[in-house]
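Coordinates in review
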Amino acid sequence: MCAWSKRLSNKMQIQVGIITISDRASSGEYDDLGGPALKEAARKAGWQVLSEALVPDDAVRIQETIRSFSKQGCGLILTTGGTGVGARDVTPEAIRAIMRVEIPGFGEAMRVQSMKITPNAILSRSLAAIVDFSVVIALPGKPSGAVECLGFVSGAIPHAVALAQRVPTSC
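For the structure given in this document, a descriptive report is provided here. (Residues numbered from 1 in each chain as written. Predicted model: local features only at pLDDT ≥ 70, side-chain atom pairs only at ≥ 80, totals over all residues. Heavy atoms only, no water.)

Before going further, it helps to examine the side chain of S51. Within the element layout of this structure, S51 appears in strand 2 (residues 48-55). Within the structure, the side chain of S51 is placed 2.4 Å from the side chain of Q72, a separation counted as a polar contact. Those residues in contact with S51 that lie beyond four places of it in its chain are V16, G17, I18, F69, Q72 and C74. (Helix = DSSP H or I, 4+ residues; strand = E, 2+ residues; numbered from the N terminus. Polar contact = N/O pair within 3.5 Å; in protein donor to acceptor, adjacent residues only side chain to side chain. Contact = heavy atoms within 4.5 Å.)

What follows is the structure in structure tokens.
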């Protein structure tokens, strides 16, 4: 991390949006555990959670929610769910359809580190991208996996958010 990024992480308050993507949780079949786990992780990181949503595995709803959170000022949008290979797992496709640019290193780092925990991590399609003026990170649906993966990339988040919000940088 360059000196500017260290200063940024101390000065810039990151506004966060959290989106849980799950047909079953959004219909009330079970409680959302991923969103609250990410909210606690964001709080521990010193970030402010500005918006939260629970939506079904529907590309249009995911896209509308991401765009809405970006317009509300969320520089970081965390999604949990829909990153596997199931028939209803559409989160990566939804994000790619509206992104300006993908940030492949985030997904690569999350998979490499997660492989040390579970061999099933190879099936993850977690990713990060810039949508409008926000960094969007698609995390696994399992709460522990979502929090772990966020931790694997958290060091680069302040700088990525600054770049997404077009804050001048010296690195």
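Additional details are given in the paragraphs that follow.
This part takes up the packing of helix 4 (residues 59-71) against helix 5 (residues 91-98). Contact pair helix 4 / helix 5: the axes reach a minimum separation of 9 Å and the direction vectors enclose 55 degrees. In terms of orientation, helix 4 lies oblique with respect to helix 5. Judged by the sense of rotation from one axis to the other, the crossing of helix 4 with helix 5 is right-handed. Taken together, the residues of helix 5 that come into contact with helix 4 (itself represented by A59, I62, Q63, I66 and R67) are T91, A94, I95, A97 and I98. Classifying every residue of the contact of helix 4 with helix 5 gives seven nonpolar, two polar and one charged. (Axes fitted to C-alpha atoms, helices over the stretch in contact; angles between N-to-C directions. Parallel < 35°, antiparallel > 145°, perpendicular 65-115°, else oblique. Left-handed = near helix turned anticlockwise from the far one by under 90°. Nonpolar A, V, L, I, M, F, W, Y, C, P; charged D, E, K, R; others polar.)

Contact geometry for helix 3 (residues 34-44) and helix 7 (residues 143-153): axes closest at 8 Å, N-to-C directions at 30 degrees. Relative to helix 7, the element helix 3 lies roughly parallel. When the axes of helix 3 and helix 7 are compared, the crossing they make is right-handed. Residue-level contacts link G34, A37, L38 and A41 of helix 3 to P143, A146, V147 and L150 of helix 7. Along the lines of polarity and charge, the residues of the contact of helix 3 with helix 7 split into seven nonpolar, one polar and no charged.

Here we come to helix 4. Relative to the 18 Å expected for 13 residues at 1.5 Å per residue, helix 4 spans 18 Å between its end C-alpha atoms, a close match to the ideal helical length. Among all positions in helix 4, only I62, Q63, T65, I66, F69 and S70 are buried. Considered in projection along helix 4, the buried side chains sweep an arc of 165 degrees and stay on one side of the axis. Looking at the buried side of helix 4, the elements it contacts are strand 1 (15-21), strand 2, strand 3 (76-80), helix 5, strand 5 (127-131) and strand 6 (134-139). Backbone geometry just downstream of helix 4 places G73 in the positive-phi region, at approximately 105 degrees. (Expected span 1.5 Å × (residues − 1). Buried < 20%, exposed > 50% of the residue type's maximum accessible area, 1.4 Å probe, protein only. Arc of directions from axis to C-beta.)

Considering all chains together, one arrives at six salt bridges under this definition. Between D23 and R88 there is a salt bridge whose closest N-O contact spans 2.8 Å. Note that D23 is positioned in helix 2 (residues 23-26) and R88 in the loop between strand 3 and helix 5, a separation of 65 residues in sequence. Overall, D23 belongs to the partly exposed group, its relative accessible area being 24%. (Salt bridge = Lys/Arg side-chain N within 4 Å of Asp/Glu carboxyl O.)

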